[in-house]
Amino acid sequence: SQYSAVDTNPLSVYIMQPIWNKIIKIVPLWIAPNLLTFSGFIMILFNYFLISFYDWDYTASGTSPGLVPTWVWLFSAFTTFCAYALDSIDGKHARRTQSSTPLGELFDHGLDSWATSIFVLSFFSVCSRDNGKTGVSVYTMYIYLSIVLFNFMCSHWEKYNTGVLFLPWGYDISQVVLIAAYLLTGTVGVEVWQKPLLFGYYITDVLVILLIGFSLFLSFPQTLYNIHRAHLKKTLKNDSLYEGLLPLVSPLLLFVLLTVWVVLSPSNILAKQPRLFLWMVGVAFSNVICKVIVCQMSSTRPELFHWFLFPLALVVSAAISGLLGWTEEAVLGVFTTLVTAAHVHYGVCVGRQLSEHLNIYIFSLKKRVQE
């Protein structure tokens, strides 16, 4: 199917696009677009592990502000900008090298679905977790992450139903805010997040309020409106309500299971291992969304229950019944490792199958020799 995306965000159209159009001119024509996409993702990943090294449990910024070196925050601003730039020019580069393929589209959106959570998890190190005086509670982090992922899911659910990806306004705004936040932290220090800004509110409170406001009052209504408009124009991909809502079943069940674990965990697993738990949330979610993206691109039906839901349901019921006891953290570690490995394996397999099917290489513009 032909890829179509609509971007109406003034920040993107008037400020960022002209910048990308200048940057794209320096990219050599022999570089494969997927290489740009992947490089950006690797930078985000590297940056995440770097921050994790200095701040495993999200307390560094709150307890001893000097724990994360200044260069790490400046490096974060740099990698975030590079990843944002690469993610914005990969499609343009594919068009100028005449190498736009469904593989490229899947590669781009598939990595975005994973990167979305990694951006959020890296940012939590800036605000730090609640220490009684400042910071955000781990539960706020979980809700914050869930809302961001819900937004991402909405735009792809909308594409599943309308065939058009309306790029959410939140994307460009969030990237610019992230880069600004890292620069601010690098230049002023993490203390800036620990002083009230206005009327006793902290910057982090303001950002959380903005995020929830943006999601519930801008992105979500826009999604429903676009689907409704397609329904009136009779351009919807799916006739029945059941078919249209099908892709939402697995992500919502995933969220329900995870929330049950968070709320009813005997050892308070989220407070004990916030980084592991939230990473697992991001990976599981990314895999569920990748399946939806594949279905939407291949015009096939998504399965009602994603297979991750079954082992997750087992682990959650074992945890909340007290069956796991003191091994709950270890089981989370094993489960997180398995889910991550399964997700990477899935990505590699789909990439290889598509590259063979389309007779192209993933990271090279050379044509494959027909066997």
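Treat the numbers as computed from the prediction; the structure is a model and nothing was measured. (Residues numbered from 1 in each chain as written. Predicted model: local features only at pLDDT ≥ 70, side-chain atom pairs only at ≥ 80, totals over all residues. Heavy atoms only, no water.)

*Asks:* Even after reading the chapter, I still don't get the overall build of the chain, so can you show me in this structure?
*Replies:* The number of helices and strands found in the chain is 13 helices and 2 strands. Over its C-alpha atoms the chain spans a radius of gyration of 21 Å, differing by no more than 12% from the 21 Å that the globule rule assigns to 371 residues. Along the longest, intermediate and shortest principal axes, the C-alpha atoms of the chain span 60 × 50 × 45 Å. For the chain, contacts bridging at least 24 residues in sequence account for 81% of all contacts bridging at least 6. Roughly 18000 Å² of accessible area belongs to the chain as shown, and the carbon and sulfur atoms make up 70% of that amount. Across the chain, 21 positive and 20 negative side-chain charges occur, with their mean positions spaced 8 Å apart. (Helix = DSSP H or I, 4+ residues; strand = E, 2+ residues; numbered from the N terminus. Rg over C-alpha atoms; globule rule 2.2 N^0.38 Å. Contact = heavy atoms within 4.5 Å. Areas by Shrake-Rupley, 256 points an atom, 1.4 Å probe, with all protein chains shown as cover. Lys, Arg positive; Asp, Glu negative; His and termini not counted. Charge placed at Lys NZ, Arg CZ, Asp CG, Glu CD.)

*Asks:* What am I meant to see in the side chain of Glu243 here?
*Replies:* Within the secondary structure, Glu243 sits in helix H9 (residues 241-264). Look past the residues within four positions of Glu243 in its chain and what remains in contact with it is Tyr160, Asn238 and Arg301.

*Asks:* Can you help me understand the UniProt feature "transmembrane region" (unreviewed entry) in the chain in this one?
*Replies:* UniProt records the feature "transmembrane region" (unreviewed entry) for residues 26-50, 70-86, 136-154, 197-220, 241-264, 276-294, 306-324 and 330-348 in the present numbering. Between the C-alpha atoms that bound residues 70-86 there is a distance of 25 Å. The span itself is 100% helix and 0% strand. Within residues 241-264, the helical portion is 100% and the strand portion 0%, while the C-alpha atoms at the span's ends are 33 Å from each other. (UniProt positions renumbered as here; feature names shortened; annotations may be inferred.)

*Asks:* Any chance you could explain the packing of helix H5 (residues 102-127) against helix H11 (residues 274-298) here in plain terms?
*Replies:* The packing of two helices is summarised by the inter-axis angle and the distance between the axes. Running from amino to carboxyl end, H5 crosses H11 at an angle of 160 degrees, the nearest separation of the two axes being 10 Å. With respect to H11, the element H5 is oriented roughly antiparallel. Judged by the sense of rotation from one axis to the other, the crossing of H5 with H11 is right-handed. On the side of H5, the interface is formed by Pro102, Glu105, Leu106, His109, Gly110, Ser113, Trp114, Ser117, Ile118, Leu121, Phe124 and Ser125, while H11 contributes Arg275, Leu278, Trp279, Gly282, Val283, Ser286, Ile289, Cys290, Ile293, Val294, Gln296 and Met297. (Axes fitted to C-alpha atoms, helices over the stretch in contact; angles between N-to-C directions. Parallel < 35°, antiparallel > 145°, perpendicular 65-115°, else oblique. Left-handed = near helix turned anticlockwise from the far one by under 90°.)

*Asks:* Which parts of the structure should I look at to understand the nonpolar core?
*Replies:* Nonpolar side chains in soluble globular proteins tend to end up buried together. The biggest cluster of nonpolar side chains holds 100 residues, and the ones touching the most others in it are Phe123, Phe124, Trp261 and Phe277. If near-sequence neighbours (up to four positions away) are discounted, Phe124 is found in contact with Tyr58, Met141, Tyr144, Leu145 and Leu278. (Core = buried A, V, L, I, M, F, W, Y, C linked by side-chain atoms within 4.5 Å. Buried < 20%, exposed > 50% of the residue type's maximum accessible area, 1.4 Å probe, protein only.)

*Asks:* Help me out: how do you make sense of the pattern of salt bridges in this one?
*Replies:* Side-chain pairs of opposite charge can arise whenever the charged atoms involved come near each other. Here the structure, examined in full by the defined rule, presents 4 salt bridges. A salt bridge links Glu329 to Lys272; its shortest N-O distance comes to 3.9 Å. Residue Glu329 is found in helix H13 (residues 328-357), and its partner Lys272 is found in helix H10 (residues 269-272); the two are separated by 57 residues along the sequence. Among the residues examined, Glu329 registers a relative accessible area of 27% and is labelled partly exposed. With its nearest N and O atoms 3.9 Å apart, the salt bridge here joins Glu303 to Lys291. In this pair, Glu303 is assigned in the loop between H11 and helix H12 (309-320) and Lys291 in helix H11, connecting sequence segments 12 residues apart. The class for Lys291 is buried, based on a relative accessible area of 19%. (Salt bridge = Lys/Arg side-chain N within 4 Å of Asp/Glu carboxyl O.)

*Asks:* What is the right way to read a nonpolar patch on the surface from this model?
*Replies:* A cluster of nonpolar residues, Trp169, Leu197, Leu198, Phe199, Tyr201, Val206, Ile209, Leu210, Phe214 and Leu218, forms a patch on the protein surface that exposes about 990 Å² of accessible area. Per-element accounting of the nonpolar patch gives the leading share, 5 residues, to helix H8 (residues 203-232). The residue Leu198 is located in the loop between helix H7 (169-188) and H8 in this model. (Patch = residues over 30% accessible without salt bridge, like charges linked within 9 Å, V, L, I, M, F, W, Y side chains within 5 Å.)

*Asks:* Explain the environment of Thr116 to me, please; I cannot follow it from the model alone.
*Replies:* Secondary-structure assignment places Thr116 in helix H5. Given the relative accessible area of 14%, Thr116 is considered buried. Remark: the alpha-carbon pair of Thr116 and Leu149, spanning 33 residues in sequence, is separated by 7.2 Å. Setting aside anything within four residues of it in sequence, one finds Thr116 in contact with Val148, Leu149 and Phe152. In terms of polar contacts, Thr116 uses its side chain to reach the backbone carbonyl oxygen of Asp112, at 2.6 Å. (Polar contact = N/O pair within 3.5 Å; in protein donor to acceptor, adjacent residues only side chain to side chain.)

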